Amino acid sequence: MDEQLDGLYVGCHLSVSNGYEAMGTAALGLGATTFAFFTRNPRGGGARPVDKQDMASLRQLLDDHHFGKLVAHAPYTMNLCSSKPETVSFARRSMAEDLERLELLPGNYYNFHPGSHVKQGADEGIRLICEGLNEVLVPGQATNVLLETMAGKGSEVGRSFEELAQIMDGVKHDELMGVCLDTCHVWDAGYDIREGLDDVLDEFDRVVGIERLSALHLNDSKNPRGSHKDRHERLGEGTLGIDVFAQIVNHPKLRHLPMVLETPQDLDGYGREITLLRSLADTEQVR
Ligand code: FE
Ligand code: FE
Ligand code: ZN
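I will try to describe carefully the structure that is included in this document. (Residues numbered from 1 in each chain as written. Chains lettered and ligands numbered in written order. Predicted model: local features only at pLDDT ≥ 70, side-chain atom pairs only at ≥ 80, totals over all residues. Heavy atoms only, no water.)

1. A look at the overall build of the protein
Argument step 1. Scanning the protein from N- to C-terminus turns up 9 helices and 11 strands.
Argument step 2. In the protein, buried positions account for 56% of the 287 residues.
Argument step 3. Put simply, of all contacts in the protein between residues at least 6 apart along the chain, 77% involve residues at least 24 apart.
Argument step 4. Carbon and sulfur atoms make up 48% of the accessible area of the protein, which totals about 12,200 Å². (Helix = DSSP H or I, 4+ residues; strand = E, 2+ residues; numbered from the N terminus. Buried < 20%, exposed > 50% of the residue type's maximum accessible area, 1.4 Å probe, protein only. Contact = heavy atoms within 4.5 Å. Areas by Shrake-Rupley, 256 points an atom, 1.4 Å probe, with all protein chains shown as cover.)

2. Quick notes on unusual backbone geometry
Argument step 1. Its identity is not glycine, yet His228 carries a phi of approximately 55°, on the positive side.
Argument step 2. Position of His228 relative to the elements: it lies in the loop between strand 9 (220–221) and strand 10 (232–233).
Argument step 3. The exposure class of His228 is partly exposed, given its relative accessible area of 27%.
Argument step 4. In this model, Asp230 sits at a positive phi of 65°, which is unusual for a non-glycine residue.

3. Quick look at the pattern of salt bridges
Argument step 1. Per the stated rule, a full pass over the model turns up 12 salt bridges.
Argument step 2. One salt bridge in this structure joins Glu195 and Arg194, with 3.1 Å as the shortest N-O distance.
Argument step 3. The exposed category is assigned to Glu195, whose relative accessible area is 60%.
Argument step 4. One salt bridge in this structure joins Lys222 and Glu233, with 3.1 Å as the shortest N-O distance. Residue Lys222 is found in the loop between strand 9 and strand 10, and its partner Glu233 is found in strand 10; the two are separated by 11 residues along the sequence.
Argument step 5. Note on Glu233: relative accessible area 14%, which makes it buried.
Argument step 6. Bridged by salt links that share partners, the residues Arg92, Glu124, Arg127, Glu131 and Glu135 form one connected network. (Salt bridge = Lys/Arg side-chain N within 4 Å of Asp/Glu carboxyl O.)

4. So, the coordination of the zinc ion (ligand 3)
Argument step 1. In this structure, His185 (NE2), Asp230 (OD) and His232 (NE2) serve as the protein donors to the zinc ion (ligand 3), at separations of 2.0 to 2.3 Å.
Argument step 2. Separating the zinc ion (ligand 3) from the iron ion (ligand 1) is a gap of 5.4 Å. Remark: Asp230 occurs in the loop between strand 9 and strand 10 and His185 occurs in helix 6 (residues 183–189); sequence separation between them is 45 residues.
Argument step 3. Judged by relative accessible area, His185 falls into the buried class, the value being 2%. (Donors = N, O, S within 2.8 Å, 3.2 Å for Na, K, Ca; no water.)

5. Regarding the pairing of strand 5 (residues 144–148)
Argument step 1. Of all 5 residues making up strand 5, 4 are buried, and the element is well covered by its neighbours.
Argument step 2. Bridge count between strand 3 (residues 109–112) and strand 5: 4 bridges; the pairing is parallel. Looking across to strand 5, one finds that Phe112 is bridged to Leu147.
Argument step 3. Two elements, strand 5 and strand 7 (residues 177–182), share 4 bridges in a ladder whose sense is parallel. Pairing of Leu147 across the sheet is with Val179, part of strand 7. (Pairing = 2+ DSSP bridges.)

Below is the structure:
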């Protein structure tokens with residue numbers, strides 16, 4: 001099935017271990033029209049060497065099959081606002097390298113966790129994040145960089161829309177910036193998307209600007225709203241419930257965005273969740 005009639009860009013997190021084109025092939029097999037992947041080992045360390053031919057093959061595949069924007073994910077360990085200067089400089093160097101490499105897959109997204117300020121406080125964390133982004137972002141680059149909304153576990157920065165807005169405010173080339181909203185994270189941070197999705201989106205619009213909203217991570221949550229835990233659950237099996245995902249895939253402000261699953265699933269499970277999301281979409285709305 002090459003053409004998806006529902007117009008949704010939906011997919012899941014995939015492993016880059018077999019290369020770039022292989023991710024595209026795997027995505028096709030799942031009925032996906034977007035996906036995410038780690039730009040390097042999530043536990044830290046180096047990125048694999050660039051295989052330009054492999055990336056060109058993926059580009060062709062994405063084009064042939066009308067994929068939406070991909071949402072590459074920076075490693076979790078990358079912390080732009082660590083209290084250790086060597087961790088900060090490693091994070092900046094990693095991000096610069098990742099973005100340079102993504103020039104070979106132009107027009108996609110690079111999503112990252114703003115970071116953990118440890119004991120420095122959110123304001124100092126935000127200052128460091130902005131300083132890092134101002135060093136790394138190159139005007140005219142082919143990739144937009146997305147801040148992920150965080151659950152507020154430990155000293156995570158990005159637990160509120162205000163913190164994300166504060167980061168945007170401090171970035172010189174903010175035209176290169178957007179937000180990836182993670183449903184589990186915002187719920188765990190305290191935003192009631194289950195009973196008040198529109199209110200939360202209005203608040204996002206007031207504080208950040210809805211035009212900044214670029215991608216979604218679709219995850220149910222194992223914990224109650226406001227728990228600041230960040231434990232993902234399969235769609236419909238957690239505290240969010242399936243209704244909110246049905247609202248999301250049909251929402252005029254959301255349905256055009258790339259939607260990436262990060263639920264605890266194997267590939268077959270992802271395939272089933274992608275099918276489920278497509279079945280929840282009201283195809284009449286697209287026509
Ligand atoms: Fe993430
Ligand atoms: Fe996420
Ligand atoms: Zn998470």
